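Listed below are the residues making up each chain.
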Amino acid sequence: MSDLLRSYLTVFIFGAVAVGLVGAVLGLGSFLRPKRPRPEKLIAYESGVDPVGEGWTQAEIRYYIFALLFVVFDVEAVFLFPYATRAEAYGWYGVGAMALFIGILTLTILEAWRKKVLRWS
Amino acid sequence: MTSAVLAFEMAYWQQSVLRSVGVLAAVLLPAGTIVYLFLFKMMSFMQSRLGPNEAGPYGSLQLLAEVGKWIQKEDIFPAKADRKLFAMAPYIVVASVLLVYVAVPFGPDAWFARLDTGIFYVLAVSSISAIGVLIAGWASANKYSLIGGLRAAGQLIAYELPMVLAVVGVVVQAGSLDLFEIVRMQAEGEIFGLSWFGNPFILTQMVGFVIFMIATQAELTQPPFDMPVAESELVTGYMTEYSGIRFLLFFIAEFASAGAFGIIAATLFLGGYWLPGLDMHADYMNVVGPLVLLGKMLFVTFIIFWVRFTYPRFREDQLQKFAWTLLIPLALVNILATMVLKVAF
C-alpha cells in the first residue's frame, strides 16, 4: 500500500474510532439514565408557551445568496492553493495571472455590494 | 511508542486502531482536563468569581464530574423531530473536530498521519461541522433551533472564507501544504538576516494571523460572534432540543475545536512544536514538542476566551457585512502582497 493511501486509511480509522467513542459514551449513558417519556416532555421547547404551527418554518432567503457567494470564493480558494505552493516557480507571470483571477472574482463582491445584498433592511 | 507497538507484528489497521484509541484517550483525558480547568478558571477570574473548586484539588476533576452528571440525565427526543438526523448530528460535529488532530505534527516522529496536503485537509475536515450544526437545527423541528442552525451555517460559511484565504498567505510563504514543512520553514527561516529565532510566520503574516484569529472566533460561535446560540433570543439555538449527554457532546466539541484551532494557529503562525534554541529534528522533541505545542495552544485559546469575555455581541447583518466587505477583501490583498514579495525576494 502506498504512503498516501496508508495515511488516509489512518484518517479513516481515526474517524471510525471517534464515532465509536461517541457511540460508546451514548451507549454507556443508556444504562445509567432514566427513561420516562411523557407527552408534555416531548413538545418542542418554545420558552414555555405551547408551540404554534410547524417547527419547519420558512426562513430568510438571504442565507441562500450568501451560500452562492461562498461557492464562488471557495472554488477560488481551491484554485489558489495549488498555485500558492509553486508561487516561486511561476515568477511574475504567475503573480500577474493570479492577480487577474482574484481581481475578476472580487467583482462578485462589488456586484453584491451594489445590489445591496449585504444590507439588511 | 511506535517501535513498542511494531514489535508485536500487528496488521496496519490494528496498529492504527490502537494508536487512535491511545491518542484520543491522551487528548481527551489529561489534555482535555488541563485545558478545561485552565479555561474555566480564566473565565471565572475575568468575571470575578472562583470557578470550579469543589471537584478534586483546585477543581481539577471538574470535567469528569460534568460527564458523570450529564451521563445520568434523561435523553429526550422531541416527538416531532426527525429521529435519525437528530441522533446523527452530535456524531458529525464531534468527529469533524477530532479529525483535525490527525494531521497535526506534535514532534518530528510524534504524528498520526503525515498528509502532503495537511493544512488543506484540516480546513476541509473542520468545515464538516457546519453540516452537523445545520442538521441539528433542522432535525429538532423547533423554530429556535432552525433559526439558530441557519444563522450558524451562514456564519460558518461566511468566516470559512477569510480563514482559508488567510492560510493561503502562509502557504505561499512556506511553499507547501504539508504542516511539517510549514513548521520547518519557520524553524529554519531567517528574517532581516537574523536566524536564531527562525521566522515564525506571525512576523511576516501579521495580517493573516489577525484575520485567522477573528475567523476562528466566528467559527467557534463564541462572543462577539455568538448569534447562533444567542441565549437571550434563541435559548441555545440549534442545541435547544438536545438534553443530557448529547448536549454535552456539542459542548465538548466546541471546546475541542477551540483547542484544535488553537493548535492550527500555533502551527501556522507561531512555529508549531518548535521553540528557538531547540533542535527540531532531535529525538527529545518527540517529548518536548507536544508540551511546547500545548503551551502555545493554551496561549492562543487564552486570546480567544479573552476576546469572548471582553466584547459585546454583533448584530446578524453586521456579522455578514464584516466578513464580506472587510475580512475577505483584506485577505485577498494580503495574498497578493505575499505573492509579490515572495517573487520579488
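The sections below set out a description of the structure shown in this document. Fair warning: this is a prediction, and the values are worked out from it, not measured in the lab.

Helix and strand counts for chain A come out as 3 helices and 0 strands. Relative to its length of 121 residues, chain A is extended, with a C-alpha radius of gyration of 25 Å against a globular reference of 14 Å. When the backbone C-alpha atoms are referred to their principal axes, chain A occupies close to 70 × 55 × 15 Å. A buried classification covers 31% of the 121 residues belonging to chain A. Across chain A, every contact between residues at least 6 apart in sequence was considered, and the portion connecting residues at least 24 apart equals 58%. Carbon and sulfur atoms make up 67% of the accessible area of chain A, which amounts to about 7900 Å² in all. In chain A, 12 positive and 10 negative side-chain charges are present, and the distance between their average locations comes to 4 Å.

With 68 residues of chain A at the interface, the matching set in chain B holds 78 residues. For the chain A and chain B pair, buried surface summed over both sides reaches about 6700 Å², with 78% attributable to carbon and sulfur atoms. Looking at the side of chain A facing chain B, the largest losses of area belong to Phe-14, Trp-56 and Phe-81 of chain A, adding up to 13% of the total buried there. Our enumeration of links across chain A and chain B arrives at 1 salt bridge. Between Arg-33 of chain A and Asp-75 of chain B there is a salt bridge, and its shortest N-O distance comes to 3.6 Å. Where chain A packs against chain B, one counts 2 residue pairs in polar contact (both at pLDDT 80 or more). For the side of chain A that touches chain B, the elements supplying multiple residues, two or more each, are α1 (3-32), α2 (62-85) and α3 (87-114) of chain A.

Below, the discussion takes up the packing of α3 of chain A against helix α14 (residues 316-344) of chain B. Relative to each other, α3 of chain A and α14 of chain B sit at 165°, their axes nearing to 9 Å. Classed by the angle they form, the pair α3 of chain A and α14 of chain B counts as roughly antiparallel. Judged by the sense of rotation from one axis to the other, the crossing of α3 of chain A with α14 of chain B is left-handed. Seen from α3 of chain A, the contacting residues are Ala-87, Glu-88, Gly-91, Trp-92, Val-95, Met-98, Ala-99, Ile-102, Thr-106, Ile-109 and Trp-113 of chain A; seen from α14 of chain B, they are Trp-324, Thr-325, Ile-328, Pro-329, Leu-332, Ile-335, Leu-336, Met-339, Val-340, Lys-342, Val-343 and Ala-344 of chain B. Broken down by class, the residue content of the contact of α3 of chain A with α14 of chain B amounts to 18 nonpolar, 3 polar and 2 charged.

On to a nonpolar patch on the surface, then. Residue and element names in this part refer to chain A. A cluster of nonpolar side chains, namely Leu-100, Ile-104, Leu-107, Leu-110 and Trp-113, defines an oily patch on the protein surface of about 550 Å² accessible area. With respect to the helices, strands and loops of the structure, Leu-100 is situated in helix α3. Taking relative accessible area as the criterion, Leu-100 reaches 58% and is therefore assigned exposed.

This part covers the packing of helix α10 (residues 206-219) of chain B against helix α13 (residues 285-308) of chain B. Residue and element names in this part refer to chain B. In the contact formed by α10 and α13, the axes pass within 11 Å of each other and the chain directions differ by 65°. Here α10 and α13 pass one another in a crossing that is right-handed. Taken together, the residues of α13 that come into contact with α10 (itself represented by Met-213, Thr-216 and Gln-217) are Val-300, Ile-303, Ile-304, Val-307 and Arg-308. In the contact of α10 with α13, the residues fall into 5 nonpolar, 2 polar and 1 charged.

All names here are of chain B. In this structure, the second largest pocket encloses a volume near 570 Å³. Around the second largest pocket, the lining comprises 18 residues; the ones closest to its centre are Gln-173, Asn-199, Thr-204, Leu-341 and Lys-342. Of all the elements in the fold, those that place two or more residues in the lining of the second largest pocket are α9 (201-204) and α14. When residues in the lining of the second largest pocket are grouped by element, the largest group, 5 residues, is from α14. Looking at the lining of the second largest pocket residue by residue, the classes come out as 8 nonpolar, 7 polar and 3 charged.

What follows covers the side chain of Gln-186 of chain B. Considering the arrangement of structural elements, one finds Gln-186 of chain B in helix α8 (residues 179-188). Beyond its immediate chain neighbours, meaning those up to four positions away, Gln-186 of chain B contacts Gly-198, Asn-199, Pro-200, Phe-201, Thr-267, Leu-268, Phe-269, Leu-270, Gly-271 and Trp-274 of chain B.

Here α1 of chain A spans 43 Å end to end across 30 residues, near enough to the 44 Å set by a 1.5 Å rise per residue. Every buried residue of α1 of chain A is accounted for by Ser-7, Thr-10, Val-11, Ile-13, Phe-14, Gly-15, Val-17, Ala-18, Val-22, Leu-26 and Gly-29 of chain A.

Basis of the calculations
Residues numbered from 1 in each chain as written. Chains lettered and ligands numbered in written order. Predicted model: local features only at pLDDT ≥ 70, side-chain atom pairs only at ≥ 80, totals over all residues. Heavy atoms only, no water. Helix = DSSP H or I, 4+ residues; strand = E, 2+ residues; numbered from the N terminus. Rg over C-alpha atoms; globule rule 2.2 N^0.38 Å. Buried < 20%, exposed > 50% of the residue type's maximum accessible area, 1.4 Å probe, protein only. Contact = heavy atoms within 4.5 Å. Areas by Shrake-Rupley, 256 points an atom, 1.4 Å probe, with all protein chains shown as cover. Lys, Arg positive; Asp, Glu negative; His and termini not counted. Charge placed at Lys NZ, Arg CZ, Asp CG, Glu CD. Buried area = accessible area lost by both parts, 1.4 Å probe. Salt bridge = Lys/Arg side-chain N within 4 Å of Asp/Glu carboxyl O. Polar contact = N/O pair within 3.5 Å; in protein donor to acceptor, adjacent residues only side chain to side chain. Axes fitted to C-alpha atoms, helices over the stretch in contact; angles between N-to-C directions. Parallel < 35°, antiparallel > 145°, perpendicular 65-115°, else oblique. Left-handed = near helix turned anticlockwise from the far one by under 90°. Nonpolar A, V, L, I, M, F, W, Y, C, P; charged D, E, K, R; others polar. Patch = residues over 30% accessible without salt bridge, like charges linked within 9 Å, V, L, I, M, F, W, Y side chains within 5 Å. 1 Å grid on protein atoms, 1.4 Å probe; cavity = no way out; pocket = protein on both sides within 12 Å on 5 of 7 lines; lining within 4 Å. Points joined across faces, edges and corners; volume = space filled by probe spheres on them. Expected span 1.5 Å × (residues − 1).

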